[in-house]
Amino acid sequence: MSESGGARTGDIAHAIGEAVAAERSGKGFGLAGAALKRELAARRRRLLEQHSRGDVIVAKMAVAMDEALGALFANAAEELPPKARLALVATGGYGRGGLAAYSDIDLLILHSGVADAGVKGFVDALLYPLWDAGLTVGQGVHTPASAMRLASSDMTAMTAYLDSRLLFGD
């Protein structure tokens, strides 16, 4: 594992994975959000102690959030049927690869539109831990076609999508 802001890459993913496993076994509820909140606070603290440049801190915080979302995406995707096609996309400032210490997280979840693909359960499993961690999440759940229609009529969506970055999925 590599160093990232004084923490080994994988710490956040490991903590989330353990919390999700505990939740699935019935040992608690909201554990993934609590683990995410704890790990992000520790990462934020280490970054602020070790770096004086804001651009370095926001880039490393984006990497930490990428790691957290990767763990949540992987755990949520375990419940999907094989034919489900989903993508998680960062938009706005987070899409540009920067995340200020207490910034909101803008996400676009794209799905194929197949009704029985388990999209609602996936979205819930992805977003609830973020909300439980106290994060402000701006999210849109769309098919590629509906995202394009929205962007063609909504300036906020259009500008957010300009800075988009595929995180995980198809």
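Cut-off values and rules
- Residues numbered from 1 in each chain as written.
- Predicted model: local features only at pLDDT ≥ 70, side-chain atom pairs only at ≥ 80, totals over all residues.
- Heavy atoms only, no water.
- Salt bridge = Lys/Arg side-chain N within 4 Å of Asp/Glu carboxyl O.
- Helix = DSSP H or I, 4+ residues; strand = E, 2+ residues; numbered from the N terminus.
- Buried < 20%, exposed > 50% of the residue type's maximum accessible area, 1.4 Å probe, protein only.
- Phe/Tyr/Trp six-rings, centres within 6.5 Å; stacked < 30°, edge-to-face > 60°.
- Lys NZ or Arg CZ within 6 Å of the ring centre and 35° of its normal.

A. Inspection of the pattern of salt bridges at higher detail. One pass over the full model with this rule turns up eight salt bridges. A salt bridge links arginine 24 to glutamate 79; the shortest N-O distance between them is 3.6 Å. With a gap of 55 residues between them, arginine 24 in helix H1 (residues 11-24) and glutamate 79 in the loop between helix H3 (54-77) and strand S3 (86-90) connect regions that are remote in the sequence. By relative accessible area, which is 43% here, arginine 24 ends up partly exposed. Here aspartate 66 and arginine 165 are joined by a salt bridge, their closest N and O atoms 2.9 Å apart. Taken as a pair, aspartate 66 in helix H3 and arginine 165 in strand S6 (residues 165-169) lie far apart in primary sequence, 99 residues in all.

B. Just the packing of aromatic side chains, in detail. Following the criterion strictly, the structure yields three aromatic pairs and no others. Where tyrosine 128 meets tryptophan 131, the ring centres are 5.1 Å apart and the plane angle is 80°; that geometry is what we call edge-to-face. Of this pair, tyrosine 128 and tryptophan 131 both sit in helix H5 (residues 119-132), three residues apart, which is roughly one turn of the helix. Aromatic ring contacts, followed pair by pair, group Phe73, Phe122 and Phe168 into a single cluster. In this structure, arginine 44 packs its charged tip against the face of tyrosine 102, placed 4.4 Å from the ring centre. Here arginine 165 stacks its cationic end above the ring of tyrosine 94, 5.1 Å away from the centre of that ring.

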